[in-house]
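# What the coordinates show
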Amino acid sequence: MRIRATMAAATVTGSLALAAFAVPAAQATAQPSLAQAHQVAQKAAGHSAPQARSLTATEAGDPYVMDATFSNIKVNSGKSAIVVGTTNTVHVSYSFTFTHGSDVDPTADDFVPGVDLYRTDGGNALFGDAPATCTAASSTVANCKGSIDINPQEELTNVDAGAKWTGEAFAVAYNGQDPDSPSDPSKIGTAYQDAVSSNALQRYAKLTVNASPEPVKKGGTLTITGALTRANWDTHKYAGYTSQSVKLQFRKTSSSTYPTTYLKSVTSSSTGSLKTTSTATYDGYWRYNFLGTSTTPAVKATGDFVDVR
């Protein structure tokens with residue numbers, strides 16, 4: 001389920017904790033949502049994002065903490081950067097090992113495990129469309145896999161790029177209780193672990209190049225143009241990435257790789273356009289190379305071949 005979630009700052013207990021994260025009726029399903037389960041597990045553990053604090057006592061009727069632990073947690077294949085464009089949903093995979101007591105059944109229909117990402121400075125949280133799927137490896141160990149599904153048109157704005165995102169692992173065993181109105185919240189089991197990953201969201205970038213004239217006389221002047229653009233999560237379009245240093249590279253046709261040294265640096269204009277000149281000496285490929293920033297990934301243009309005569 002894709003929800004732009006505001007992380008609650010207040011701590012509530014008992015049955016109120018189960019209703020603290022309201023799910024719109026249009027999105028409600030027979031199975032408890034990840035956002036709802038996350039809120040239950042987080043509060044039972046005494047946490048309130050983006051900061052955690054310990055509870056001095058557990059009130060009667062609160063969900064209990066299961067005899068369970070998370071391990072071998074991997075988010076986005078261990079890579080920090082998550083690159084998102086303007087339209088396509090990005091599925092960020094995760095996996096973990098869930099070790100539990102014999103009274104816990106992670107394959108039950110109302111067992112809801114998952115991993116989410118939240119901004120450590122508060123605000124946005126990102127969940128998957130469905131809970132993780134757990135497969136029993138033994139009577140007390142399960143291997144779980146799922147994905148965090150990020151829809152840029154519904155969930156992201158430009159301020160989300162470059163911010164620090166932290167992963168949380170959680171699981172809730174409802175044990176037959178109604179998630180929306182449990183008759184006995186104390187029968188609901190929870191597990192929670194904060195800071196399981198550290199990630200950054202980046203705005204997908206595009207880079208083009210065109211060298212002309214083609215062909216060109218040896219010793220003649222080539223004009224190399226191009227454009228650096230990136231995803232704008234506010235408008236859901238691509239726009240020029242301005243005032244950025246972009247490297248110019250050239251490789252001869254006799255080589256399969258570009259030299260590690262750059263011919264020159266070119267600064268993108270107020271519209272993201274690029275333009276420079278160079279002398280044509282050999283047949284080969286010209287390209288621009290952007291090395292990236294904290295908000296935008298590195299990108300290389302496809303080389304443009306020029307025949308020198």
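Note that the coordinates shown come from a computational prediction; the quantities given were computed from them, not determined experimentally.

Its place among the elements puts Leu 263 in the loop between strand E16 (245-252) and strand E17 (264-267). Overall, the relative accessible area of 48% leaves Leu 263 in the partly exposed class. Considering only alpha carbons, one finds Leu 263 and Leu 248, 15 residues apart in sequence, at a separation of 5.6 Å. Not counting residues within four places of it along the chain, the set of residues in contact with Leu 263 comprises Leu 248, Gln 249, Phe 250 and Trp 286.

Turning to the sheet that holds strand E10 (residues 141-150), a few remarks are in order. In space, the four strands of this open sheet follow the order E4-E6-E10-E9, with antiparallel pairing throughout. The sheet is open, and its two edges are formed by strand E4 (68-75) and strand E9 (133-136), each paired on a single side. When the angles between neighbouring strand axes are averaged without regard to direction, this sheet yields 20°. Two elements, E4 and strand E6 (residues 90-100), share six bridges in a ladder whose sense is antiparallel. Residue Lys 74 lies in a different strand from E6, and its bridge partner there is Ser 95.

This next bit is on the environment of Tyr 241. As for its placement among the helices and strands, Tyr 241 is situated in the loop between strand E15 (237-240) and E16. Along the primary structure Tyr 241 and Thr 271 are separated by 30 residues, whereas in three dimensions their C-alpha atoms are 7.0 Å apart. Excluding residues within four positions of it along the chain, Tyr 241 makes contact with Leu 228, Thr 229, Arg 230, Ser 268, Gly 272, Phe 290, Thr 293, Thr 295 and Thr 296. Only 3.0 Å separates the side chain of Tyr 241 from the side chain of Thr 293, close enough to count as a polar contact.

The next subject is the state of the cysteines. Across all of its chains, the model carries one disulfide by this definition. Across a sulfur-sulfur distance of 2.1 Å, Cys 134 and Cys 144 are joined as a disulfide pair. Its S-S torsion of approximately 110° makes the covalent link between Cys 134 and Cys 144 right-handed. Taken together, the positions of Cys 134 in strand E9 and Cys 144 in strand E10 put the pair ten residues apart, joining distant regions of the chain. For Cys 134, a relative accessible area of 10% puts it in the buried group. Classification of Cys 144 by relative accessible area gives buried; the value is 2%.

Here the chain averages 88 in pLDDT, and 85% of its residues register 70 or above. Confidence drops under a pLDDT of 50 for residues 1-29, and excluding neighbours within four residues, the segment shows 77 contacts in the predicted structure. Every residue in residues 49-60 scores below 50 in pLDDT, and together they form 19 contacts with partners more than four places removed in sequence or on other chains.

To continue, consider the pattern of salt bridges. In this structure the tally under the stated criterion is three salt bridges. For Arg 309, the salt bridge identified is with Asp 307, shortest N-O distance 2.9 Å. Among the residues examined, Asp 307 registers a relative accessible area of 23% and is labelled partly exposed.

Formed by 34 residues in total, the largest nonpolar core has its most connected members in Met 66, Ile 82, Phe 98, Val 115, Ile 148, Ile 150 and Leu 201. Residue assignment for this core shows that the elements contributing at least two residues are E4, strand E5 (81-84), E6, strand E7 (111-119), E10, strand E11 (165-173) and strand E12 (189-203). If you tally residues by element for this core, the top one is E6, at five residues. If we ignore the near neighbours within four places in the chain, the residues touching Val 115 are Val 75, Tyr 94, Phe 96, Ile 148, Glu 168, Ala 169, Phe 170 and Val 196. Grouped together as the second largest cluster of nonpolar side chains are 22 residues, Val 209, Leu 228, Tyr 288 and Phe 290 included.

Time to look at the pairing of E15. As defined by bridge partners, strand E14 (residues 221-232) adjoins E15 across four bridges and the pair is classed as antiparallel. When the bridges of E15 are listed, Arg 230 appears paired with Ala 239. The turn joining E14 and E15, which pair antiparallel and follow one another in sequence, is formed by four residues; a positive phi near 65° is taken by His 236.

On to unusual backbone geometry. Of all residues except glycine, most have a negative phi; of all peptide bonds, most are trans. The linkage connecting Ser 212 with the following residue, Pro 213, adopts the cis geometry, with an omega of 5°. Looking at the secondary structure, you find Pro 213 in the loop between strand E13 (205-212) and E14. Residue Glu 214 is joined to Pro 215 through a cis peptide bond whose omega torsion reads -5°. Mapped onto the elements of the fold, Pro 215 is located in the loop between E13 and E14. For Ser 77, which is not a glycine, the phi torsion comes out positive at approximately 55°. Positionally, Ser 77 belongs in the loop between E4 and E5. Even without being a glycine, Ser 243 presents a positive backbone phi close to 55°. Its place among the elements puts Ser 243 in the loop between E15 and E16. For Ser 243, a relative accessible area of 56% translates into the label exposed.

Conventions adopted
- Think of each chain on its own: its residues are numbered from 1, step by step along the sequence as written.
- Since the coordinates come from a predicted model, pLDDT governs what is reported: local features require at least 70, and pairs of side-chain atoms require 80 or more to be given and counted, while whole-chain, interface and lining totals use all residues.
- Excluded from the side-chain calculations are hydrogens and water; all other atoms, namely the structure's heavy atoms, are used.
- Numbered from the N terminus, helices here are DSSP runs of H or I no shorter than four residues, and strands are runs of E no shorter than two.
- For every residue, the accessible area (1.4 Å probe, protein chains only) is compared with the maximum for its type, and the residue is labelled buried under 20%, exposed over 50%, or partly exposed between those bounds.
- Contacts are assigned to residue pairs that have any heavy atoms within 4.5 Å of one another.
- Two strands qualify as a pair provided DSSP detects at least 2 bridges between them.
- Each axis is a line fitted through C-alpha atoms, and for a helix only the stretch in contact is used; angles between axes span 0 to 180 degrees, taken between their N-to-C directions.
- In protein, a polar contact requires one atom able to donate a hydrogen and another able to accept it; more generally it is a pair of N or O atoms within 3.5 Å, and residues adjacent in sequence count only if both atoms are side-chain atoms.
- Any pair of cysteine sulfurs within 2.5 Å is marked as a disulfide.
- pLDDT expresses, on a scale from 0 to 100, how confident the predictor is about each individual residue.
- What counts as a salt bridge is simple: a side-chain nitrogen of Lys or Arg found within 4 Å of a carboxyl oxygen of Asp or Glu.
- Nonpolar cores were defined as sets of buried Ala, Val, Leu, Ile, Met, Phe, Trp, Tyr and Cys residues, with membership established by side-chain atoms within 4.5 Å.

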